[in-house]
There are 2 protein chains.
Amino acid sequence: MKANVYVTLKQEVLDPQGDAVRRGLMSLGFAAVKSARVGKLIEIEFDGKDRATAEKELKQMCEKLLANPVIEDFRLELV
Amino acid sequence: MKANVYVTLKQEVLDPQGDAVRRGLMSLGFAAVKSARVGKLIEIEFDGKDRATAEKELKQMCEKLLANPVIEDFRLELV
């Protein structure tokens, strides 16, 4: 079974990395760029169980290790 | 207009960060995890044009700044 986990900074948290990306893009001539935010994409492969169990375990993984719930949100996708 | 850019290491490139995530998950008791790979998710907001132009510009952004084509693949998604 495969899953994608998307970890993004909460909207209210400043993102200096994203801001550097935005400025980089603008200096390359992409003047239309208004904002950029950088998050993580974690692709996980694991031994298959039923979808419900898998989703529950993935949620625990995010809460315990993959995301920092104070400043980050996460989104799961089983593929 | 909003777009998500997913940047991942090519399959044949070693991913020490992903390996650290896998070992971290295993040591937390998630024994079913077989592999983990870490990539980037870049959320970009830009002034709207038609979809075709937007996709073309985003591809250029990836090739010029967001991804390293030697070791990384990218995937675009207009939202």
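The structure we're discussing is the one just above.
Every value quoted in this text rests on a predicted model; they were computed, and no experiment measured them. (Residues numbered from 1 in each chain as written. Chains lettered and ligands numbered in written order. Predicted model: local features only at pLDDT ≥ 70, side-chain atom pairs only at ≥ 80, totals over all residues. Heavy atoms only, no water.)

Draft legend 1. Molecular detail of the relation of the copies chain A and chain B. Between chain A and chain B, the superposition needs a rotation of 180° and an axial shift of 0.0 Å, giving an RMSD of 0.0 Å. Such a turn and shift between the copies fits a two-fold axis. Taking C-alpha positions as the reference, the residue of chain A nearest the rotation axis is Lys40(A), at 2.3 Å. Take the interface residues of chain A: 100% of them recur as interface residues in chain B, which is what a same-surface contact looks like. (Least-squares fit on C-alpha atoms with pLDDT ≥ 70 in both. Contact = heavy atoms within 4.5 Å.)

Draft legend 2. Structural context of the interface of chain A and chain B. Contacts between the two partners involve 31 residues from chain A and, on the opposite side, 31 residues from chain B. The contact between chain A and chain B buries some 2,900 Å² in all, and 64% of this surface belongs to carbon and sulfur atoms. When residues of chain A are sorted by the area they lose upon contact with chain B, Phe30(A), Leu41(A) and Glu43(A) head the list and together hold 19% of the total. Our count for the chain A to chain B interface comes out at two salt bridges. Note that Asp47(B) and Lys34(A) form a salt bridge whose closest N and O atoms lie 3.7 Å from each other. Counting the contacts that link chain A with chain B gives ten residue pairs in polar contact (both at pLDDT 80 or more). Contributing elements (two or more residues each) for the side of chain A that touches chain B: β1 (2-9), α1 (16-27), β2 (33-46) and α2 (51-66) of chain A. (Buried area = accessible area lost by both parts, 1.4 Å probe. Salt bridge = Lys/Arg side-chain N within 4 Å of Asp/Glu carboxyl O. Polar contact = N/O pair within 3.5 Å; in protein donor to acceptor, adjacent residues only side chain to side chain. Helix = DSSP H or I, 4+ residues; strand = E, 2+ residues; numbered from the N terminus.)

Draft legend 3. Spatial organisation of α1(A). The end-to-end C-alpha distance of α1(A) is 16 Å, a good match for the 16 Å that twelve residues give at a rise of 1.5 Å each. Immediately downstream of α1(A), the backbone of Gly29(A) shows phi near 105°, a positive value. (Expected span 1.5 Å × (residues − 1).)

Draft legend 4. A look at the layout of surface pockets. In this structure, the largest pocket spans a volume of roughly 310 Å³. Lining the largest pocket we find 20 residues, and of these Glu43(A), Glu45(A), Gln11(B), Ser35(B) and Arg37(B) sit closest to its centre. Going through the elements one at a time, β1 and β2 of chain A together with β1 (2-9), α1 (16-27) and β2 (33-46) of chain B are the ones with two or more residues in the lining of the largest pocket. Of the residues that constitute the lining of the largest pocket, the class distribution is seven nonpolar, five polar and eight charged. Forming the walls of the second largest pocket are Gln11(A), Ser35(A), Ala36(A), Arg37(A), Lys2(B), Ala3(B), Asn4(B), Glu43(B), Ile44(B), Glu45(B) and Val79(B). At the level of secondary structure, the elements contributing two or more residues to the lining of the second largest pocket comprise β2 of chain A together with β1 and β2 of chain B. The residue makeup of the lining of the second largest pocket, split by class, is four nonpolar, three polar and four charged. (1 Å grid on protein atoms, 1.4 Å probe; cavity = no way out; pocket = protein on both sides within 12 Å on 5 of 7 lines; lining within 4 Å. Points joined across faces, edges and corners; volume = space filled by probe spheres on them. Nonpolar A, V, L, I, M, F, W, Y, C, P; charged D, E, K, R; others polar.)

Draft legend 5. Structural context of the sheet that holds β1(B). Taken in spatial order, the six strands line up as β3(A)-β1(A)-β2(A)-β2(B)-β1(B)-β3(B) in an open sheet, and their pairing is antiparallel. Both edges of this open sheet fall to β3 (72-78) of chain A together with β3 (72-78) of chain B, since each of them pairs with a single strand only. Within this sheet the neighbouring strands show an average axis-to-axis angle of 25°, counted without direction. Looking at chain direction, β1(B) and β3(B) are connected through seven bridges and run antiparallel. Each bridged residue has a counterpart across the sheet, and for Leu9(B) the counterpart in β3(B) is Glu72(B). Where α1(A) meets the sheet, it contacts β2 of chain A together with β2 of chain B, and its direction lies at approximately 120° from that of β2(A). Strands β2 of chain A together with β1, β2 and β3 of chain B of the sheet are contacted by helix α2 (residues 51-66) of chain B, whose axis makes an angle of about 155° with β3(B). (Pairing = 2+ DSSP bridges. Axes fitted to C-alpha atoms, helices over the stretch in contact; angles between N-to-C directions.)

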